[in-house]
Amino acid sequence: MNPTRSAAFSLLSAVLERRRALDEALDALPARIQPRDKAAAHRIAAAVLRRLGSIDAVLEPYLRREPSPPAMQALRIGAAELLLLGTPAHAAVASAVALAPKPFSGLVNAVLRKVAADGPSALEGLDGARLDTPAWLWSAWHAAYGPKVRAIAEAHTRPAPLDLSLAPGTAAPEGAEILPNGTARLPAGTRITELPGFAEGGFWAQDAAASLPARLLAPSPGARVADLCAAPGGKTAQLVATGAKVTAVERDAQRAKRLGENLARLRMEAEMVVADAIPWAAERGGTFDAVLLDAPCTATGTIRRHPEVAHLRRQKDVPKLAATQAGLIEAAAGLLAPGGRLVVATCSLQPEEGEAHLARAAALGLRPDPVRPEEVPGLEGAITGEGALRTRPDLWAERGGMDGFFVARFTRG
Ligand SMILES: C[S@@+](CC[C@H](N)C(=O)[O-])C[C@H]1O[C@@H](n2cnc3c(N)ncnc32)[C@H](O)[C@@H]1O
């Protein structure tokens, strides 16, 4: 069996049947699968997850009832190859038939032959943005962003480019576009490990929007900075690059190990603490000049890069994570010396995980420190009435978009 398709099949089954994150499922693929095959499998699985609603709507008229999950994954892979990835019809159909459990091979063959003939026009007639967005997310984004919900959903149907943050003194890789915030952007599908300079630690992968929180903290060289919820360390690296004295706190030991490996590749050093940031902050008290809190969240701002998020997250996750964030914000405030600066960020498009936190800041002794237009060139319009920053996937659409982040800055009174 074709190793790429069978790996794509494993990835989809892991996400849709066992509710695993796509990156986690990628890491769990057998070691014998070559990196190139893994990357190709990821591309196929991500295409299915990005357009799952549309793909299922194209398949539905040809199915009297939904077949077993493995047969359904084979059909989805075949349909994605036919409709989205430009695979020749005979190859797409034959490999999907090979993936399907034996009793379903006839069905998969017959359905995909029909999809090859009529699928493209059926797909064109669908409201893809709507079908590919779970209803609860559509309603929540419509309530928060009005008609922009459609542009957000459309941005999620396209693969995201590769964004790099550059270490000081490193030139951008050839062909990269330099965005107004300094991010070097390369086309979607570029593999970072194959870029010259990767092993030497000249850059790291980081979405343009994800680079904004550390830029807005802007610690002075030598400042004592706590980076809470730090792994895999994109923001830690930015903070170290400023010359600050960084303490990176991460609860998950596996993720902390990855942070250590990432810093080692970049030849950077930070104090690393594997701990829950809340009790750790209570022990340390107000000893830091600056704190960056990149709190755990639903990650609905990262669906372009992690399309499974749309299918794995549930509405009930939002208030639970918002409560976790509130606890972490309180802990972060307690770490600041008087006059210290706090930046709070979440990569969520849900206002409960962003704007709603502002109301509680004053009770924690935090004064808003509004983002100034000159600090965010090209994103002046993303500054909210309260001086926070709200990015969305449809911003910079002509350049390939950006993740959805909420970022707020405060000073300790
Ligand atoms: C959004 S990710 C952080 C991304 C990271 N700041 C970066 O830029 O690469 C959130 C991280 O917070 C960690 N985390 C969640 N709750 C935590 C807690 N109470 N204390 C410390 N780390 C926590 C998670 O394990 C996860 O690695």
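Scroll up to find the structure.
The rules behind the values
- Residues numbered from 1 in each chain as written.
- Predicted model: local features only at pLDDT ≥ 70, side-chain atom pairs only at ≥ 80, totals over all residues.
- Near = placed C-beta within 6 Å.
- Helix = DSSP H or I, 4+ residues; strand = E, 2+ residues; numbered from the N terminus.
- Pairing = 2+ DSSP bridges.
- Expected span 1.5 Å × (residues − 1).
- Contact = placed C-beta atoms within 7 Å.
- Axes fitted to C-alpha atoms, helices over the stretch in contact; angles between N-to-C directions.
- Parallel < 35°, antiparallel > 145°, perpendicular 65-115°, else oblique.
- Left-handed = near helix turned anticlockwise from the far one by under 90°.
- Nonpolar A, V, L, I, M, F, W, Y, C, P; charged D, E, K, R; others polar.

Undergrad: Which parts of the structure should I look at to understand the site of the ligand?
TA: Among the 17 residues in the neighbourhood of the ligand, the closest are listed as Cys 229, Lys 235, Arg 251, Ala 277 and Asp 294. Of all elements in the fold, only α12 (234–241), β6 (245–250) and α14 (277–284) reach the threshold of two or more residues within the shell around the ligand.

Undergrad: How should I be thinking about the sheet that holds strand β4 (residues 203–205) in this particular structure?
TA: Backbone hydrogen bonds hold the strands of a sheet together, and the pairing may be parallel or antiparallel. Strand order in the open sheet made by the 4 strands is β2-β3-β1-β4, with antiparallel pairing throughout. Edge positions in the open sheet fall to β2 (177–178) and β4, since each of these has one partner strand only. Direction of pairing for strand β1 (residues 162–166) relative to β4: antiparallel, over a ladder of 3 bridges. Within the sheet, the bridge partner assigned to Leu 164 lies in β4 and is Ala 205.

Undergrad: Please explain the environment of Ala 171 as it appears in this structure.
TA: Summarising the element assignment, Ala 171 is placed in the loop between β1 and β2. Taking the C-alpha atoms as reference points, Ala 171 and Ala 79, separated by 92 residues in sequence, lie 41 Å from one another.

Undergrad: What is the right way to read helix α13 (residues 253–265) from this model?
TA: Residues three or four positions apart in an α-helix share a direction because the helix packs 3.6 residues into each turn. In a regular helix each residue adds 1.5 Å, so 13 residues correspond to 18 Å; α13 covers 19 Å between its end C-alpha atoms and thus fits that length. Elements that come into contact with the buried residues of α13 comprise α12, β6 and β7 (271–274). One or two positions beyond α13, positive phi appears at Arg 267, with a value near 55°.

Undergrad: How should I be thinking about the packing of helix α1 (residues 3–18) against helix α5 (residues 69–83) in this particular structure?
TA: A packed helix pair is summarised by two numbers, namely the angle formed by the two axes and the spacing between the axes. One can describe the packing of α1 onto α5 by two numbers: an axis separation of 10 Å at closest approach and a directional angle of 125°. One finds that α1 runs oblique with respect to α5. Between α1 and α5 the crossing geometry is right-handed. In this structure, α1 uses Arg 5, Ala 8, Phe 9, Leu 12, Ser 13, Leu 16 and Glu 17 to contact α5, whose residues at the interface are Pro 69, Pro 70, Gln 73, Ala 74, Arg 76 and Ile 77. Of the residues contributing to the contact of α1 with α5, the split by class is 8 nonpolar, 2 polar and 3 charged.

The analysis is restricted to geometry; functional conclusions fall outside its scope.
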